[in-house]
Every structure is written in structure tokens, then in C-alpha cells.
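Geometric and topological summary
Read off the chains here:
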Amino acid sequence: DAKTTQPPSMDCAEGRAANLPCNHSTISGNEYVYWYRQIHSQGPQYIIHGLKNNETNEMASLIITEDRKSSTLILPHATLRDTAVYYCIVRVGYLRAAGNKLTFGGGTRVLVKP
Amino acid sequence: NAGVTQTPKFRVLKTGQSMTLLCAQDMNHEYMYWYRQDPGMGLRLIHYSVGEGTTAKGEVPDGYNVSRLKKQNFLLGLESAAPSQTSVYFCASTLGHEQYFGPGTRLTVT
């Protein structure tokens, strides 16, 4: 699986959009980009995933560059409850032989401030 | 629908003692996973299972054993606990792209 690079931490203002970058310059054509977050002491929570098209759900939007070497997770209106560690993970999609495993890096610690 | 549950939530062991952590899911997922998370670090995969009766090693399997006798349950065993196994243990399950995680078990080995 391709490695990812994320900033260790970032702050954002409550009510504003939070833009979380992720670099995955060695991504392969069959690898997806996944985002999870972990609120303090809880189990990680799935946010969104994408292959090459931009994706949006009720939680966030995922913007993937055309060359797929980087992506941005957008939380459109950050709230205090969005304070968490956000993990960007690149992995081959649903593939039984690969076990659908996730490899977590250090993530980005996001602090939403009032 | 309870999702993924873990038992127990907390446990303190003495070095050399054994214990089993239980993970249960009610979503009929094929795949199940055990991770550990040390303070300030990301999760690391211990063992995983792609179906009932099958298990495989992850990134940090030493000192742990697992069993998947029933599709809904995935057990993690520590035969002889060591202080280095002090950690928070998370179980997860999936059927496709999204992994669902349990609330974690906080284990301290003294």
C-alpha cells in the first residue's frame, strides 16, 4: 500500500471549513484514498473514500487531484465535536486476498477552536 | 443493531497472567481485525480474519493468538502478558470499504 504524508497538527475556527491535506505521491492505479477520524479515546470512525472522482457525503467532501498524488478532506462547517485525529489511508480497494487491511500512520491532530 | 462490541472495557493484569478479549459483531461481516494503539501513536494491526475458521498475522502478532470459531466473534488471547502489551485494543469488522470499530479495551499489565 502507498504511504501517506499528513501535517501533524492544525487548528481551525468553529463554523469555518477545515481543509485537511494528504500527500500520496506513490499511489497506484487500483488504490483508494480512505479517511478515518478518531475522537479522543474512541474507536476510529470511517468518514469517506474515493478512487479518482471527488466524493461527498453527509460528513465531508473528498477532493482528489487529477494525478491522484494528493487529496484534501473538507469538513464544510467545523464544530467543536470535529476535534479529532484524522487519518488518510491509501489501500487497494475491496480485495479478499489482501484482507482489506488498513495501515494507520500518525494522522493530523485537528483542534477546532470556538 | 449493536455494531461492534468489545469485552471487557478495562482490565489490569500481572505479568505472566493470561486473558482473552472478546469482539462481537452483529452485522454479518466476513472480515474482522484486532489492532493495538499505544499512547500518541496510530493503530497497528495484530491479527485479522477473512472468514470463519481463518486467521492471519498482521503487523505486530508476537505474543498474541486469535480464533474465529463463529462468524460473529473474534477472540484475542494473551497467553503470558508482558508490560509491553499495555495498550488500548480495538476490534473492527468490515464487509467492504468501511471498517466499523469497537469502543476499545484498555489493558494494563503491571
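Residues numbered from 1 in each chain as written. Chains lettered and ligands numbered in written order. Predicted model: local features only at pLDDT ≥ 70, side-chain atom pairs only at ≥ 80, totals over all residues. Heavy atoms only, no water.

Comments concerning the sheet that holds strand 5 (residues 55-56) of chain A
All names here are of chain A. Spatial ordering of the open sheet is given by 2-7-6-5, a layout of four strands whose pairing is antiparallel. In this open sheet, the two strands that pair with only one neighbour each are strand 2 (18-23) and strand 5. The pairing of strand 6 (residues 61-64) with strand 7 (residues 70-75) spans four bridges and is antiparallel. When the bridges of strand 7 are listed, L62 appears paired with L73. (Pairing = 2+ DSSP bridges. Helix = DSSP H or I, 4+ residues; strand = E, 2+ residues; numbered from the N terminus.)

What to know about the layout of surface pockets
What the largest pocket holds in volume is close to 570 Å³. Every residue lining the largest pocket is counted, 27 residues in all, and those nearest its centre are H40, S41 and R109 of chain A together with Q37 and G40 of chain B. Among the elements of the structure, strand 8 (84-92) and strand 9 (108-113) of chain A together with strand 9 (87-94) and strand 11 (105-109) of chain B are those that each provide at least two residues to the lining of the largest pocket. Space inside the second largest pocket adds up to approximately 170 Å³. In this structure, the second largest pocket is lined by 13 residues; those nearest its centre are G43, P44 and Q45 of chain A together with Y100 and F101 of chain B. Within the residue set of the lining of the second largest pocket, elements represented by two or more residues are strand 4 (45-50) of chain A together with strand 10 (99-101) of chain B. Tallying contributions element by element places strand 10 of chain B first for the lining of the second largest pocket, with three residues. Residue composition of the lining of the second largest pocket, by class: six nonpolar, six polar and one charged. (1 Å grid on protein atoms, 1.4 Å probe; cavity = no way out; pocket = protein on both sides within 12 Å on 5 of 7 lines; lining within 4 Å. Points joined across faces, edges and corners; volume = space filled by probe spheres on them. Nonpolar A, V, L, I, M, F, W, Y, C, P; charged D, E, K, R; others polar.)

Focus on the state of the cysteines
All names here are of chain A. Enumeration according to the criterion identifies two disulfides over all chains in this entry. In this model C22 forms its disulfide with C88; the gap between the sulfur atoms is 2.1 Å. Negative torsions about the S-S bond denote left-handed disulfides, and the value of about -80° found for C22 with C88 makes this one left-handed. With a gap of 66 residues between them, C22 in strand 2 and C88 in strand 8 connect regions that are remote in the sequence. The residues C22 and C88 share a single accessibility class, namely buried. (Disulfide = S-S within 2.5 Å. Buried < 20%, exposed > 50% of the residue type's maximum accessible area, 1.4 Å probe, protein only.)

Description of the packing of aromatic side chains
Tallying each qualifying case throughout the model produces 11 aromatic pairs over all chains. Measuring from ring centre to ring centre gives 6.2 Å for Y36 of chain A and F104 of chain A, while their planes differ by 65°; the resulting arrangement is edge-to-face. With a gap of 68 residues between them, Y36 of chain A in strand 3 (residues 31-38) and F104 of chain A in the loop between strand 8 and strand 9 connect regions that are remote in the sequence. Take Y36 of chain A and F104 of chain A: they sit in the same class, and that class is buried. Ring centres 6.2 Å apart and planes at 20° place the aromatic pair Y33 of chain B and Y48 of chain B in the stacked group. Taken together, the residues Y33 of chain B in strand 4 (residues 31-37) and Y48 of chain B in strand 5 (residues 44-51) connect sequence positions 15 residues apart. (Phe/Tyr/Trp six-rings, centres within 6.5 Å; stacked < 30°, edge-to-face > 60°.)

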